[in-house]
Amino acid sequence: MKKIININFIEGQFLISCDSSNITTIDKASLSLNGKELFENLFKGMDRKVKFEFDVVVDASIVDTNDIRIGNDIKRILDNIATEINIKFNLLEEDPEVSL
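These numbers come from a predicted model, not from an experiment.

Asks: Help me understand helix 2 (residues 65-88), please; the structure alone is not making it clear to me.
Replies: Side chains three or four residues apart in an α-helix point the same way, a direct result of the helix having 3.6 residues per turn. Along its 24 residues, helix 2 runs 35 Å from first to last C-alpha, staying within 8% of the 34 Å computed at 1.5 Å per residue. Every buried residue of helix 2 is listed here: Asp-67, Ile-70, Gly-71, Ile-74, Leu-78, Ala-82, Ile-85 and Asn-86. Check the buried side of helix 2 and you find it contacts strand 1 (3-10), strand 2 (13-18), strand 3 (21-27), helix 1 (35-43) and strand 4 (54-58). Here helix 2 starts with a cap whose side-chain oxygen sits 3.0 Å from the backbone nitrogen of Asn-66, and that cap is Asp-64. Backbone geometry just after helix 2 places Asn-90 at a positive phi near 55°.

Printed below as a string of structure tokens:
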């Protein structure tokens, strides 16, 4: 089952959440991502035999072009992490459109 990950911008921080649970926050001033917190709240406990899939949604209420760009960068990072996890555990199906 695909998870839906939401990226919102609230009070100077990008809030990353899934199923109404906070995964992690990224302060706009530093743009530092806490990898341990991200792993513990999103990836820990995943079934390594099932392809890890999610859709990342950047909230439409983000209107500043800089914030939209940062939100899209965060989305790209999360997508890349999921791809690498699936590669590591050989969970990617043969897909001619996937470029590694």
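From this point on, the discussion continues.
Asks: Before we go on, may I ask you to explain the sheet that holds strand 1 in this structure?
Replies: Across a sheet, strands are paired by hydrogen bonds formed along the backbone, either parallel or antiparallel in direction. The four strands are arranged 3-2-1-4 in an open sheet whose pairing can be described as mixed. Only two strands of the sheet have a single neighbouring strand rather than two, namely strand 3 and strand 4. When the angles between neighbouring strand axes are averaged without regard to direction, this sheet yields 20°. As paired strands, strand 2 and strand 3 are joined by six bridges and run antiparallel to one another. By the bridge assignment, Ser-17 is partnered in strand 3 with Asn-22.

Asks: When you look at the pairing of strand 1 in this model, what are you seeing that I'm missing?
Replies: Sheet faces and side chains relate simply in a regular strand, where the side chains alternate between the two faces. Note that strand 1 and strand 4 share five bridges and pair parallel. Bridge assignment links Ile-7 to a residue of strand 4, and that residue is Val-58. Strand direction decides the pairing type here: strand 1 and strand 2, joined by six bridges, are antiparallel. By the bridge assignment for strand 2, Ile-5 is matched with Cys-18. From the end of strand 1 to the start of strand 2, which pair antiparallel, there are two residues, and Glu-11 there has a positive phi angle of about 50°.

Asks: How do you make sense of the side chain of Asp-67 when you look at a structure like this?
Replies: Mapped onto the elements of the fold, Asp-67 is located in helix 2. We classify Asp-67 as buried; its relative accessible area is 6%. Contacts of Asp-67, omitting those with residues within four sequence positions, involve Phe-9, Phe-14, Lys-28 and Ile-62.

Asks: Hey, could you run me through the packing of aromatic side chains in this one?
Replies: By convention here, two paired aromatic rings are described through the distance between centres and the angle between planes. The full count for this structure, using the stated rule, is two aromatic pairs. The interplanar angle of 50° and the centroid separation of 4.7 Å between the aromatic rings of Phe-9 and Phe-14 together place this pair among those described as tilted. Phe-9 sits in the partly exposed class, given a relative accessible area of 26%. What makes Phe-14 buried here is its relative accessible area of 0%.

Criteria and cut-off values
Residues numbered from 1 in each chain as written. Predicted model: local features only at pLDDT ≥ 70, side-chain atom pairs only at ≥ 80, totals over all residues. Heavy atoms only, no water. Helix = DSSP H or I, 4+ residues; strand = E, 2+ residues; numbered from the N terminus. Expected span 1.5 Å × (residues − 1). Buried < 20%, exposed > 50% of the residue type's maximum accessible area, 1.4 Å probe, protein only. Contact = heavy atoms within 4.5 Å. Polar contact = N/O pair within 3.5 Å; in protein donor to acceptor, adjacent residues only side chain to side chain. Pairing = 2+ DSSP bridges. Axes fitted to C-alpha atoms, helices over the stretch in contact; angles between N-to-C directions. Phe/Tyr/Trp six-rings, centres within 6.5 Å; stacked < 30°, edge-to-face > 60°.

By themselves these figures say nothing about function.
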